[in-house]
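Examination of the molecular architecture
For reference, the chains in residue letters:
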2 protein chains.
Amino acid sequence: MATDSSTSVDLESLRELINVRLAQLVPEGHPRGPAAAARHSLLAPGKRLRAVITLVAARAQGGRIEDALDTACAIEMIHTSSLVFDDLPAMDDADLRRGEPTTHKAFGEDIAILAGIGLINGAYEVIAKSKALDAERRMEIMRLVTRAVGWQGLVHGQALDLASSNDDDAIDAIHEGKTGALFIAAAECGGLCGGACTDEERRSLRAYGRSLGFAYQAFDDVLDQVACEQTAGKTTGRDEGKATAVLSASASLASAKTLANRQLDNAVAAAGEHSPLAKLAEFIRTYFAQTIAA
Amino acid sequence: MATDSSTSVDLESLRELINVRLAQLVPEGHPRGPAAAARHSLLAPGKRLRAVITLVAARAQGGRIEDALDTACAIEMIHTSSLVFDDLPAMDDADLRRGEPTTHKAFGEDIAILAGIGLINGAYEVIAKSKALDAERRMEIMRLVTRAVGWQGLVHGQALDLASSNDDDAIDAIHEGKTGALFIAAAECGGLCGGACTDEERRSLRAYGRSLGFAYQAFDDVLDQVACEQTAGKTTGRDEGKATAVLSASASLASAKTLANRQLDNAVAAAGEHSPLAKLAEFIRTYFAQTIAA
């Protein structure tokens, strides 16, 4: 995603901040070892959307970007860990990710698994050590992120996805677990990094994250259908016919796009239209419209 | 391990406490899903040694068992997670563990991986939510446990083990990572749960954990050589010829036993001979002597 001059947040510079910090958070290690494998997946080009949400939410709450940076990076590490695991032969068996060979293709399955463990563990280590936040706030962030990953979050969503149940309720649950949970945590944790949040503010942040996550997943499914492997930089077409694809619920590209745009409207409404978070949602709308058109 | 009336700690009742709490910490979930798979591995009969160390260290420090129980269970969840991952086909490819089919044999590789993720994540969730400890102390425990798991801990040890380097330095590093790191964290975190620790006390707890871990690993390697599959309850003989086995360094059963006993002496010295931790070390000495003799 390039910088959008109409937003108050310079997305390019946020991504740069995130990339620099991520590179500091995982050691170089042995060139064929788990840390190197983690760096391979973590530092490959990525949109850093979840981390950006965290930073923008902190700013929207009146806080400083630098106080939220470690939490944002931790969430990105969790996300990358989930990609490493999901790509494994026993899961989606994917060869390409972010334009590069998947971690197990490049380092072997055993080292990829250790890299995934190292990334999720490292994320919690980063939160535990984050000097910018007092212990109480770090604990609350830990509580939110572990919930997003756990038995009702990413782990649950991926298990439902593997079972590929086909009814609409299951599809919503898969989305909520696989994508929504971490988007929600990114928004709410960012808000907490930015300052004290009222219960109402936290509810709005969660609603924002949920809607943005759903919109993102829907757009991503559309892209998966229309993009060739080269453009998307990962193995595509694989979601076709799977229950995860919003498309299989909505039956057409057009209705998936309508659905996504409606969710973005909800996200803007939850954040308040003058919030930097709303501008981030509008930026995502433009980005996907342009990418899909191309 | 049965109760040893000569110790001031009733090991059976500690294990019972741990087992009851563990069963509360992972939800039932779908019968074929990741939570059920995690329960399969977590609730299978086990010695719970790491968790027991945590509880005994808390008591040795003058604290209450119940204040350390969640931390002890979190460490046991981390340990179980490492077993689930290590048994995978891409790792040690084991069929039996704790007398039961390994998790991937019983639930499939994909669900086993999700169970492993859920267990490690769940461990951190349990620490984050542990009501018995203030946020500062929970953060410090989180810092110690994530370090024990991470790039210089379990992940590192397993990567070295997979690479099976054969020199003595590598063997020590494998032990330190695969076993030592979590034993050290168990002892030090237990001490922290039990009350304020001086730097000197923390150093002693770490020395205790390191020596006990080494002794345990050495005895376990001896058992692996002499026991039949049925007695050990897991696939045995697999470590033979691998660099992990203390045996390959020490060349004979007798010298491995000598090594283990010397490490137990070190553990007793580090704890102080009247400490409940010393009594736990002596209990382990007796337990292994009897088991190996049988």
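Look up: the structure comes first, before these words.
Okay, so let's go over this structure. (Residues numbered from 1 in each chain as written. Chains lettered and ligands numbered in written order. Predicted model: local features only at pLDDT ≥ 70, side-chain atom pairs only at ≥ 80, totals over all residues.)

**Side note on the overall build of chain A**
Regarding its fold elements, chain A presents 14 helices and two strands. Per-residue burial over chain A gives 57% buried out of 294 residues. For chain A, the proportion of contacts with a sequence separation of at least 24, taken over those separated by at least 6, is 69%. (Helix = DSSP H or I, 4+ residues; strand = E, 2+ residues; numbered from the N terminus. Buried ≥ 20, exposed ≤ 12 C-beta atoms within 10 Å, placed from the backbone. Contact = placed C-beta atoms within 7 Å.)

**Examining the interface of chain B and chain A**
Accessible area lost upon the coming together of the parts is a frequently used measure of interface size. With 38 residues of chain B in contact, the opposing surface of chain A contributes 38 residues. Every element with two or more residues in the side of chain B that touches chain A is listed here: α2 (34-42), α6 (109-129), α7 (135-149) and α8 (154-163) of chain B. At 14 residues, α6(B) tops the list of elements feeding residues into the side of chain B that touches chain A. Taken together, the residues of the side of chain B that touches chain A break down into 22 nonpolar, eight polar and eight charged. (Nonpolar A, V, L, I, M, F, W, Y, C, P; charged D, E, K, R; others polar.)

**Comments concerning the relation of the copies chain B and chain A**
Take chain B, turn it by 180°, move it 0.0 Å along the axis, and it overlays chain A with an RMSD of 0.0 Å. What we have between these two chains is a two-fold relation. Residues of chain B ranked by C-alpha distance from the rotation axis are headed by Ala135(B), positioned 2.7 Å from it. Looking at chain B, 100% of its interface residues are interface residues in chain A too, so the copies touch through the same face. (Least-squares fit on C-alpha atoms with pLDDT ≥ 70 in both.)

**Here's the deal with the packing of α8(B) against helix α9 (residues 168-194) of chain B**
All names here are of chain B. Closest axis-to-axis distance for the α8/α9 pair is 8 Å, and the angle between their directions is 145°. α9 is crossed by α8, and the crossing has left-handed handedness. Of α9, the residues touching α8 (which contributes Leu154, His156, Gly157, Gln158, Leu160 and Asp161) are Ala170, Ala173, Ile174, Glu176, Gly177, Lys178, Ala181 and Leu182. Taken together, the residues of the contact of α8 with α9 break down into seven nonpolar, four polar and three charged. (Axes fitted to C-alpha atoms, helices over the stretch in contact; angles between N-to-C directions. Left-handed = near helix turned anticlockwise from the far one by under 90°.)

**A closer look at helix α7 (residues 135-149) of chain A**
An ideal rise of 1.5 Å per residue puts 21 Å on 15 residues; α7(A) measures up with 21 Å between its terminal C-alpha atoms. Inspection of α7(A) places Arg137(A), Arg138(A), Met139(A), Ile141(A), Met142(A), Leu144(A), Val145(A), Thr146(A), Ala148(A) and Val149(A) among the buried residues, and these make up the whole buried set. Close packing links the buried residues of α7(A) with α4 (65-86), α6 (109-129), α8 (154-163) and α9 (168-194) of chain A together with α6 and α7 of chain B. (Expected span 1.5 Å × (residues − 1).)

**A closer look at the nonpolar core**
One finds Val145(A) and Val145(B) to be the most contacted residues of the largest nonpolar core, which totals 196 residues. If we skip the residues at most four places from it in the chain, Val145(B) touches Ala74(B), Ile75(B), Ile78(B), Ile127(B), Ala185(B) and Cys189(B). (Core = buried A, V, L, I, M, F, W, Y, C linked by C-beta atoms within 7 Å.)

**Let's talk about helix α13 (residues 253-271) of chain A**
Residues spaced three or four apart along an α-helix face the same direction, because each turn holds 3.6 residues. Residues and elements named next belong to chain A. The first and last C-alpha atoms of α13 sit 27 Å apart over 19 residues, in line with the 27 Å expected at 1.5 Å per residue. Burial in α13 covers these residues: Ala256, Leu259, Ala260, Gln263, Leu264, Ala267, Val268, Ala270 and Ala271. Among the residues trailing α13, Gly272 stands out with phi positive, at a value near 90°.

**So, the environment of Asp265(B)**
Residues and elements named next belong to chain B. With respect to the helices and strands, the residue Asp265 is situated in helix α13 (residues 253-271). Its 14 C-beta neighbours within 10 Å are what place Asp265 among the partly exposed residues. Asp265 sits 13 residues away from Ala278 along the chain, and the two C-alpha atoms are 9.0 Å apart.

**Looking at the environment of Thr146(A)**
Looking at the element boundaries, Thr146(A) is found in helix α7. A residue is classified by how many C-beta atoms lie within 10 Å of it, and Thr146(A), with 26 of them, is buried. The spatial distance from the C-alpha of Thr146(A) to the C-alpha of Gln61(A) is 22 Å, given a sequence separation of 85 residues. If we ignore the near neighbours within four places in the chain, the residues touching Thr146(A) are Asn121(B), Tyr124(B), Glu125(B) and Ala128(B).

**A word on unusual backbone geometry**
Residue and element names in this part refer to chain A. Within the chain, Arg48 stands out as a residue other than glycine whose phi angle is a positive 60°. By secondary structure assignment, the location of Arg48 is in the loop between α2 (34-42) and α3 (49-60). Its identity is not glycine, yet Asp93 carries a phi of approximately 50°, on the positive side. Within the fold, Asp93 resides in the loop between α4 and β1 (96-97).

Spatial relationships are all this shows, so hold off on functional conclusions.
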